[in-house]
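# Residue-level structural notes
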Amino acid sequence: FDTSASQTGVYRQKALAALKTLLHQLGPRDRVRLLAVDLDTVAINDQFDAPQGPAFEAAVVKLERRVPLGSTDMAAAMRAAIASYEGRSGASRSVVYLGDGMSIANILESDSFRDLTVALVKHRIAVSSYAVGPRVDAQLLAVLANQTGGNLAIARQIVLPSTGSTETGSTQD
């Protein structure tokens, strides 16, 4: 979950709503780990938990209290996601990223991006994203999805009522 400075206001609200919708769609045997992604990637819950239990509800509350600051380091986020699966065998592995994908803190060069996608494929981790924010790096998120067998959904454009200006965001789906 992107907790960088760009994820405030309507963008944060829509990303949190998407997270909660996703969690309610998962089954009782599914397990989820929540990572906050900005300059550092921080595990919000210590282990994979049931998506509809008290432990994960506490993790979502903890995420909601986290102040969005800094930039995003997508390479570090993907490496943390890979590391979170260490020692877990047999289970399907996927990452669902909610945020804008703007990796300003660590621009991914061709070689490092290739190495990252190779590692994700090697560990059989599909990366899907819900792109939401004032600007999104749909190209980066699309390549991650394409290379790993994931999907990309991009939030629809909205008109902010207070200014009448148009920005990338999402409406209630």
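Refer to the structure presented above.
Here is a short report on the structure shown in this document. All values reported here derive from a predicted model rather than from experimental measurement. (Residues numbered from 1 in each chain as written. Predicted model: local features only at pLDDT ≥ 70, side-chain atom pairs only at ≥ 80, totals over all residues. Heavy atoms only, no water.)

## Observations concerning the nonpolar core
Looking at soluble globular proteins, one finds that nonpolar side chains tend to be buried together. Under the convention used in this document: Here the nonpolar core consists of buried residues drawn from Ala, Val, Leu, Ile, Met, Phe, Trp, Tyr and Cys, with membership extended through side-chain atoms lying within 4.5 Å. Note on classification: 1.4 Å probe, protein chains only; a residue is buried when its accessible area is under 20% of the maximum for its type, exposed when over 50%, partly exposed between these limits. In this description a helix means any DSSP run of H or I spanning at least four residues, a strand means any run of E spanning at least two, and both kinds are numbered starting from the N terminus. Every residue pair with non-hydrogen atoms within 4.5 Å of one another is taken to be in contact.
Formed by 20 residues in total, the largest nonpolar core has its most connected members in Met-74, Met-78, Val-95, Leu-120, Ile-125, Val-127 and Leu-144. Those elements that place two or more of their residues in this core are α3 (74-84), β3 (93-99), α4 (110-122), β4 (125-131) and α5 (138-148). It is α3 that provides the largest number of residues to this core, a total of six residues. Filtering out sequence-adjacent residues up to four positions away, Leu-120 remains in contact with Met-78, Ile-82, Ile-125, Val-127, Leu-144 and Thr-148. Judged by nonpolar contacts, the second largest core, of 19 residues, contains Phe-1, Leu-23, Val-60 and Val-132.

## Let's talk about the packing of α4 against α5
Angle between the axes and distance between the axes: these two values describe a pair of packed helices. Quick note on the threshold: Axis definition: a line fitted to C-alpha atoms, limited for helices to the stretch in contact. Angles are taken between N-to-C directions and run from 0 to 180 degrees. Relative orientations are named as follows: roughly parallel for angles under 35 degrees, roughly antiparallel for angles over 145 degrees, roughly perpendicular for angles from 65 to 115 degrees, and oblique for any other angle. Left-handed describes a crossing whose near helix is turned anticlockwise from the far helix through less than a right angle; right-handed describes the clockwise counterpart. Each residue is assigned to one of three groups, with Ala, Val, Leu, Ile, Met, Phe, Trp, Tyr, Cys and Pro labelled nonpolar, Asp, Glu, Lys and Arg labelled charged, and all others, Gly among them, labelled polar.
Where α4 meets α5, the axes come as close as 9 Å, and the angle between the chain directions of the two elements is 40°. The angle between α4 and α5 places the two elements in the oblique class. Helix-helix and strand crossings are classified by hand; for α4 and α5 the assignment is right-handed. Between α4, through Phe-113, Thr-117, Leu-120 and Val-121, and α5, the contact on the second element is made entirely by Leu-140, Val-143, Leu-144, Gln-147 and Thr-148. In terms of residue class, the contact of α4 with α5 is built from six nonpolar, three polar and no charged.

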